[in-house]
Amino acid sequence: MKIAFIGHKPAYPKIDGGCVASAAFLQNLVDANLEVHYLMLCTDKHPFFEEKFPEDIRNKVTLNAVAIDTTLKPLKAMQNLFSKKSYNVERFFSEKFVLLLEQKIKEEQFDAVIFDNVFAARYLSQFQKNGVKTFVRTHNVEFKIWEDLARCKQNPFKKWYLTKLSRDLKNFEINTLKAADRILSISTDDLKEFEQLGINTDGIVVPVGIKTADYMHDYSKTDLFHLGAMNWTPNIEAVDQVISILPEIRTKLPGITFSIAGKDANYRYSTNEANGIICTGFVSSIETFIKNQGILISPIQSGSGVRIKVLEMMSYGVPIITTSLGASGIEDLSGLIIADSKESMINNVYELVNDEKKRITLGKQAKSVINLHYNPKTITDNVLEFITST
């Protein structure tokens, strides 16, 4: 079976959670022994480097990328005020990419196309008019992220504009998912949300396939850390909240530190040893980084979909404190501590730091959850059955 896999950014290098999810799904397709043609857009933020793809992927997948400029254009943003098109989506439209898709559709005669994220599905019509079966792999309920951002804004104009962006994106998302033949949702929560929005397209849940790491966490370590791209508002909000409660945590736990790691962290934060803040910035090796860390603290307040970094840390057996929203899409919460208020967050940090046995139990349970619910082989089998069935 010949598959076109369409991405609005390359899966590699894995510089954020979205890339991790894309890479895992691409691996599912390869492991299913499908003939995959990966056609993607690339930007300054997410460049294409073929050598960053694993050798196995390079040998088995045909890779094609088209560069596009998605930076904010003030004039186009203003023009969008008088349009019902989604500005978030239109930023990913490229005539050059359309020409590539049309050429590949003609040459390859694809059996199906899978759009990796609703933004990539901007090109759905190019395949439907040629009779290709269409699937959308959803990472989030995208418009919900923008709704949350709008709700948090105090400036009236910013609130209004973000509300418009979310409304336009919502219309596009609903219409696109209704038009697609099938949906591959990253979580049960998202699939239920689609159904509540009146989207009756046939769909299944395809979680991110993750293997538990061959790594034993050092549970004697108790310092706090956050790992995630700092160009994503929910991560910024989470880190800001930890920084706001850190002084109170340190009154109970003098000497405890909070490390901030992830893409662009150094542009937003700086090390302040007197206040216990350590800014690490981008880390090339997660395992090397977490060897010196203790507890992941991630008080996510907005956004949609599964937090890939939370799943990754669970696969390493790291003790985790997060919010209900931070655990969104994770059906088995037995490997997490949920704390939805600042007081609960502070109290749980204090209890976990002072109880190594609890840290060990929590970390081991997190690994068990990954093994049970996110096994790549099981996910691959389910994907293959769904996309090959009539």
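Scroll up a little and you will see the structure.
Definitions and limits used
- Residues numbered from 1 in each chain as written.
- Predicted model: local features only at pLDDT ≥ 70, side-chain atom pairs only at ≥ 80, totals over all residues.
- Heavy atoms only, no water.
- Pairing = 2+ DSSP bridges.
- Helix = DSSP H or I, 4+ residues; strand = E, 2+ residues; numbered from the N terminus.
- Right-handed = clockwise from strand over helix to strand, strands pointing away.
- 1 Å grid on protein atoms, 1.4 Å probe; cavity = no way out; pocket = protein on both sides within 12 Å on 5 of 7 lines; lining within 4 Å.
- Points joined across faces, edges and corners; volume = space filled by probe spheres on them.
- Nonpolar A, V, L, I, M, F, W, Y, C, P; charged D, E, K, R; others polar.
- Salt bridge = Lys/Arg side-chain N within 4 Å of Asp/Glu carboxyl O.
- Buried < 20%, exposed > 50% of the residue type's maximum accessible area, 1.4 Å probe, protein only.
- Lys, Arg positive; Asp, Glu negative; His and termini not counted.
- Contact = heavy atoms within 4.5 Å.
- Phe/Tyr/Trp six-rings, centres within 6.5 Å; stacked < 30°, edge-to-face > 60°.
- Axes fitted to C-alpha atoms, helices over the stretch in contact; angles between N-to-C directions.
- Parallel < 35°, antiparallel > 145°, perpendicular 65-115°, else oblique.

**Observations regarding the pairing of strand E7 (residues 202-205)**
Working step 1: Where strand E6 (residues 182-185) meets E7, four bridges bridge the pair, whose relative direction is parallel. Opposite Arg182, over in E7, you have Asp202 as the bridge partner.
Working step 2: Viewed along the sheet, the connection from E6 through helix H9 (residues 188-196) into E7 turns out right-handed.

**Here we look at the layout of surface pockets**
Working step 1: There is about 760 Å³ of room inside the second largest pocket.
Working step 2: Lys14, Val20, Ile210, Ile286 and Glu312 are, among the 33 residues lining the second largest pocket, the residues nearest its centre.
Working step 3: Counting only elements with at least two residues in the lining of the second largest pocket, the list comes to helix H1 (17-31), helix H12 (286-290), helix H13 (308-315) and helix H16 (376-388).
Working step 4: When residues in the lining of the second largest pocket are grouped by element, the largest group, six residues, is from H1.
Working step 5: Each residue belonging to the lining of the second largest pocket can be placed in one class, and the counts come to 15 nonpolar, nine polar and nine charged.

**Remarks on the pattern of salt bridges**
Working step 1: Evaluation of the coordinates by the stated rule reveals 16 salt bridges.
Working step 2: Arg359 is the salt-bridge partner of Glu356, the closest N and O atoms lying 3.9 Å from each other. Taken together, the residues Glu356 and Arg359, both in helix H15 (residues 356-373) and three residues apart, mark about one turn of the helix.
Working step 3: Among the charged side chains, a network of salt bridges with common partners joins Lys2, Glu35 and Glu108.

**Quick word on the side chain of Lys104**
Working step 1: Within the element layout of this structure, Lys104 appears in helix H5 (residues 95-108).
Working step 2: Buried charged residue Lys104 carries no salt bridge. Nearest counter-charge: Glu107, at 4.3 Å.
Working step 3: Beyond its immediate chain neighbours, meaning those up to four positions away, Lys104 contacts Leu39, Asn64, Gln109 and Phe110.

**With respect to the pairing of strand E11 (residues 295-298)**
Working step 1: Because side chains alternate across E11, one face comprises the buried residues Ile295 and Ile297, and the other comprises Leu296 and Ser298, equally buried.
Working step 2: Pairing analysis gives two bridges linking strand E8 (residues 224-227) to E11, with the strands arranged parallel. Within the sheet, the bridge partner assigned to Leu224 lies in E11 and is Ile295.
Working step 3: Note: E11 against strand E12 (residues 320-322), three bridges, orientation parallel. Considered in E12, the bridge of Ser298 is made with Thr322.

**Quick notes on unusual backbone geometry**
With glycine set apart, most residues show a phi of negative sign, and most peptide bonds adopt trans.
Working step 1: Cis peptide bonds are those with omega within 30 degrees of zero, and the linkage from Tyr12 to Pro13 qualifies with 0°.
Working step 2: Structurally, Pro13 can be placed in the loop between strand E1 (2-7) and H1.
Working step 3: Of note in this structure, Asp264 is not a glycine but carries a positive phi near 70°.
Working step 4: Relative to the assigned elements, Asp264 resides in the loop between strand E9 (258-261) and helix H11 (265-268).

**Let's talk about the packing of aromatic side chains**
Working step 1: Throughout the structure, instances matching the rule amount to 15 aromatic pairs.
Working step 2: A ring pair is formed by Tyr12 and Phe53, whose centres lie 5.1 Å apart and whose planes are at 55°; its orientation type is tilted. Placement of the pair is Tyr12 in the loop between E1 and H1 and Phe53 in the loop between strand E2 (35-42) and helix H2 (55-60), with a sequence separation of 41 residues.
Working step 3: Summarising the aromatic geometry, the rings of Phe157 and Tyr161 are spaced 6.3 Å apart at their centres and angled 5° between planes, so their arrangement reads as stacked.

**Let's talk about the environment of Tyr219**
Working step 1: Within the secondary structure, Tyr219 sits in the loop between E7 and E8.
Working step 2: Placed 133 residues apart in sequence, Tyr219 and Leu352 show a C-alpha to C-alpha distance of 11 Å.
Working step 3: Look past the residues within four positions of Tyr219 in its chain and what remains in contact with it is Gly317, Pro319, Glu356, Arg359, Ile360, Gly363 and Lys364.

**Re the packing of H1 against H13**
Helices that pack against each other are described as a pair by the angle of their axes relative to one another and the distance between those axes.
Working step 1: It is at 8 Å that the axes of H1 and H13 come closest, and there the two elements cross at 70°. Accordingly, the angle class assigned to the pair H1 and H13 is roughly perpendicular. Across the interface between the two elements, Gly17, Val20 and Ala21 from H1 touch Ile308, Lys309 and Glu312 from H13.
Working step 2: Class assignment for the residues of the contact of H1 with H13 results in three nonpolar, one polar and two charged.

**With respect to the sheet that holds E8**
Working step 1: Taken together, six strands build an open sheet; the order of strands is E10-E9-E8-E11-E12-E13 and the sheet is parallel. A strand with exactly one partner marks an edge of an open sheet, and here the two such strands are strand E10 (277-281) and strand E13 (337-338).
Working step 2: Sheet contacts for helix H14 (residues 342-353): E8, E11, E12 and E13; angle to E12, the most-contacted strand, approximately 170°.

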